[in-house]
Amino acid sequence: MAAKAVPVPTPETRPYWDGCAAGELRIQRCVDCGKPYFYPRPLCPSCGSDNVEWFTASGRATLYSYVINHRPAPGFEADAPYAIAVVQLAEGPRMMTSLIGVAPTPEALELDMPLRVTFEQRGDISLPVFTPAAENAEADQ
Amino acid sequence: MSNAGVIIAGAAETDEIGRLPGHSTLGLHVQAARNAVADAGLTMKDIDGIATVSAPGPVQVAHALGIYPDWIDGTGVGGTSFLLHVRHAAAAIRAGYARTVLITHGESGRSRVGAPPYRLDLSSPAGQFEAPYGTLGPTTTFTIPALRYMKDYGLTHEQLAYVPVAQRQWAAKNPRAMFRDIITVDDVLASRIVAYPFHLLECCLVTDGGGALVVTSADRAVDFPKPPVHVLGTGEASETPMISQMIDFTESRAFRQAGEKAFAEAGITVSDVGHLMIYDAFAHVPIYGLEALGFVAKGEGGAFIADGNTEPGGALPLNTNGGGLSYTHTGMYGMFAIQEGVRQIRGEAAAQVDGPDISVILGNGGMFATAGVLVLGKRPR
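Worth saying up front: this structure is predicted, and the values here are computed from it rather than measured.

Draft legend 1. Structural context of the overall build of chain B. The helix and strand inventory of chain B stands at twelve helices and eleven strands. On C-alpha atoms alone, chain B measures out to a radius of gyration of 19 Å, which is about the 21 Å that the 2.2 N^0.38 rule sets for 381 residues. Across its three principal axes, chain B shows a C-alpha extent of roughly 55 × 45 × 40 Å. Residue burial in chain B is summarised as follows: out of 381 residues, 62% are buried. Expressed as a percentage of contacts within chain B between residues at least 6 apart in sequence, the contacts between residues at least 24 apart total 75%.

Listed below in structure tokens is the structure:
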């Protein structure tokens with residue numbers, strides 16, 4: 001059985017993956033216009049500035065959208081059906097992720113439910129995934 | 001700048017579409033090219049410009065046809081690429097870079113004969129930030145925005161399921177369509193789930209086939225056996241290489257941007273449009289397309305289709321060949337959407353609508369990655 005895909009970092013993305021290895025979700029923001037962004041790249045996508053910096057995001061997010069996939073990718077055969085989700089970080093940017101600690105069913109996966117980041121080892125890479133965080137709902141109110 | 005002086009003089013598909021294990025990808029290009037050039041009453045010697053996507057690419061296709069072009073376009077931005085080729089060809093013809101451009105598509109999407117293996121580079125952004133989460137092609141990515149749209153705008157599962165129901169009614173009139181049996185919403189919802197909320201019948205086909213176009217200047221219209229189809233307006237746009245980075249999951253910026261350009265250039269509004277093609281890789285895409293082009297208000301696309309407006313007898317005939325959901329979908333369906341627009345303007349479609357003066361074609365590339373729009377007309381502006 002083929003293994004799950006393992007991301008191959010590039011120089012521009014290495015700080016992100018190093019952050020994950022340290023158990024932190026590090027993303028970038030523009031020093032000039034202040035906007036955080038994801039995925040890692042050298043210029044601010046909002047204003048074009050190269051005056052950008054890395055920071056550690058809160059790891060809090062909400063569920064923006066998802067599918068429950070019944071035709072597994074290589075290595076995911078034992079997981080199917082599984083959710084492929086896009087989450088919105090508390091800081092604003094969105095990212096694709098997996099959801100763990102929750103059933104991959106429409107009943108269990110409610111859009112906008114609060115989530116928090118956790119990390120899963122995949123080869124040499126620590127991969128950010130998300131799990132329900134009921135306490136966020138109260139903290140946000 | 002105007003597009004008024006450019007026409008589609010030749011248009012044809014491969015002899016057959018569907019399951020064609022006896023033809024390679026290149027072979028399908030060649031057959032489609034032969035048919036389109038013949039449709040224009042020309043020979044390969046008349047062609048001085050070539051456009052197609054990579055694999056096998058314009059150099060290979062031109063060489064296989066014995067063409068040594070003065071103008072080459074290898075734009076490959078997914079299934080809408082051929083709409084962009086028409087736009088680029090129109091500009092090249094106006095600029096005098098080419099006089100007669102051949103645009104080809106061939107794809108052994110189902111049989112995979114002479115087709116490149118699919119392999120995602122795991123150091124690319126999509127390879128690093130999407131593939132590790134178990135994506136596997138369009139069914140796992142193009143589909144992700146739909147639940148957000150459903151929650152925010154109240155689109156129901158039944159309304160989504162009605163999209164293939166409406167299009168099957170067109171396919172039933174088309175002997176070349178792969179699926180022609182009438183279906184119901186219950187049939188759609190009873191088909192197996194591919195990626196919730198999408199059932200099998202809400203996902204496009206995977207087929208083999210091809211098509212080609214001959215684009216030239218309108219002042220030569222009298223030279224051709226078929227009535228000219230005027231390229232009145234064109235648009236193109238890109239948004240995102242990864243579905244996770246789509247700006248707003250409830251609307252396509254690229255669809256809207258390309259549509260605005262094309263409609264403005266043609267000087268038309270939605271009320272001028274008698275026939276519409278919207279690339280339908282999945283059931284939600286025509287809904288996004290109707291809204292992006294301004295045919296309905298945001299959030300109303302699903303009800304508009306479910307109320308019967310786009311099916312035979314409706315006010316806005318949409319995807320009249322049966323679409324990617326029922327007619328054919330080689331992988332890069334845009335060429336087939338253009339072909340149906342041409343047939344409808346010429347009056348030679350299998351499910352011919354009542355004499356449309358204007359046909360609009362909206363093409364999608366990738367997963368809401370790119371868009372192309374063509375406004376085709378029976379007459380010059």
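Next comes the rest of the description.
Draft legend 2. Highlighting the overall build of chain A. Secondary structure assignment for chain A yields two helices and eight strands. Put simply, chain A runs from its N terminus to its C terminus through helices and strands in the order α-β-β-β-β-β-β-β-β-α. Relative to the compact-globule value of 14 Å for 141 residues, chain A shows a C-alpha radius of gyration of 16 Å, a close match. Expressed along its principal axes, the backbone C-alpha trace of chain A runs to roughly 45 × 40 × 25 Å.

Draft legend 3. The arrangement of helix α12 (residues 334-346) of chain B in detail. Residue and element names in this part refer to chain B. Taking 1.5 Å as the rise per residue, α12 with 13 residues should run 18 Å; its terminal C-alpha atoms sit 19 Å apart, in good agreement. Along α12, twelve of the 13 residues are buried, which leaves the element largely enclosed by surrounding structure. Those residues of α12 lying buried are G334, M335, F336, A337, I338, Q339, E340, G341, V342, R343, Q344 and I345. Of the residues flanking the end of α12, it is G347, one or two places downstream, whose phi is positive at about 85 degrees.

Draft legend 4. Just the domain arrangement of chain A, in detail. Residue and element names in this part refer to chain A. Assigned domains within chain A: domain 1 (11-57) and domain 2 (58-141). Taken together, the contact pairs ten residues of domain 1 with 13 residues of domain 2. In terms of residue class, the side of domain 1 that touches domain 2 is made up of nine nonpolar, one polar and no charged.

Draft legend 5. Quick peek at the interface of chain B and chain A. Taken residue by residue, the interface counts 27 residues in chain B and 32 residues in chain A. Those elements that provide at least two residues to the side of chain B that touches chain A are α4 (125-129), α5 (145-153) and β5 (193-196) of chain B. Across two bridges, strand β4 (residues 60-69) of chain A lies against β5 of chain B in antiparallel orientation. Note that in β5 of chain B the partner of I68 of chain A across the bridge is Y196 of chain B.

Draft legend 6. Molecular detail of the packing of helix α8 (residues 253-266) of chain B against helix α9 (residues 284-292) of chain B. All names here are of chain B. The geometry of α8 relative to α9 is characterised by a closest axis approach of 9 Å and an angle of 45 degrees between their N-to-C directions. In this view, α8 runs oblique relative to α9, as classed from their interaxial angle. Pair α8 / α9 crosses with right-handed handedness. Contacts between α8 and α9 involve F255, R256 and G259 from the former and Y288, G289 and A292 from the latter. For the contact of α8 with α9, the residue count by class is three nonpolar, two polar and one charged.

Draft legend 7. Examining the nonpolar core more closely. Core analysis: the biggest nonpolar cluster contains 158 residues, and A36, V86 and V215 of chain B have the highest contact counts within it. Residue contributions to this core reach at least three from each of two domains, namely domain 1 (11-57) and domain 2 (58-141) of chain A. Residues contacting A36 of chain B, with those up to four places away along its chain left out, are G10, A11, A12, L102, A212, L213 and V214 of chain B.

Draft legend 8. Examining the sheet that holds strand β9 (residues 275-278) of chain B more closely. Residues and elements named next belong to chain B. Taken in spatial order, the nine strands make up an open sheet running β3-β2-β4-β7-β1-β8-β11-β10-β9, and their pairing is mixed. The outermost strands of the open sheet, each flanked by one partner alone, are β3 (71-73) and β9. For this sheet, the mean angle separating the axes of adjacent strands, direction not counted, is 20 degrees. With seven bridges joining them, strand β1 (residues 6-13) and strand β7 (residues 208-217) adopt antiparallel strand pairing. Counted as the bridge partner of E13 is G211 from β7. Most of the contacts of helix α2 (residues 57-65) go to strand β2 (residues 49-51), to which it runs at about 130 degrees, and overall it touches β2, β3 and β4 (100-108).

Draft legend 9. Structural view of the packing of helix α1 (residues 25-39) of chain B against α2 of chain B. Residue and element names in this part refer to chain B. The interhelical angle for the contact between α1 and α2, taken along N-to-C directions, is 60 degrees, at an axis separation of 10 Å. By the angle class used here, α1 and α2 are oblique. By crossing handedness, the relation of α1 to α2 is classed as right-handed. Facing α1, whose interface residues are L26, H29, V30 and A33, α2 presents Q60, V61, A64 and L65. Counted by class, the contact of α1 with α2 contains six nonpolar, two polar and no charged residues.

Rules used in this analysis
Residues numbered from 1 in each chain as written. Chains lettered and ligands numbered in written order. Predicted model: local features only at pLDDT ≥ 70, side-chain atom pairs only at ≥ 80, totals over all residues. Helix = DSSP H or I, 4+ residues; strand = E, 2+ residues; numbered from the N terminus. Rg over C-alpha atoms; globule rule 2.2 N^0.38 Å. Buried ≥ 20, exposed ≤ 12 C-beta atoms within 10 Å, placed from the backbone. Contact = placed C-beta atoms within 7 Å. Expected span 1.5 Å × (residues − 1). Domains from an automatic or database assignment. Nonpolar A, V, L, I, M, F, W, Y, C, P; charged D, E, K, R; others polar. Pairing = 2+ DSSP bridges. Axes fitted to C-alpha atoms, helices over the stretch in contact; angles between N-to-C directions. Parallel < 35°, antiparallel > 145°, perpendicular 65-115°, else oblique. Left-handed = near helix turned anticlockwise from the far one by under 90°. Core = buried A, V, L, I, M, F, W, Y, C linked by C-beta atoms within 7 Å.

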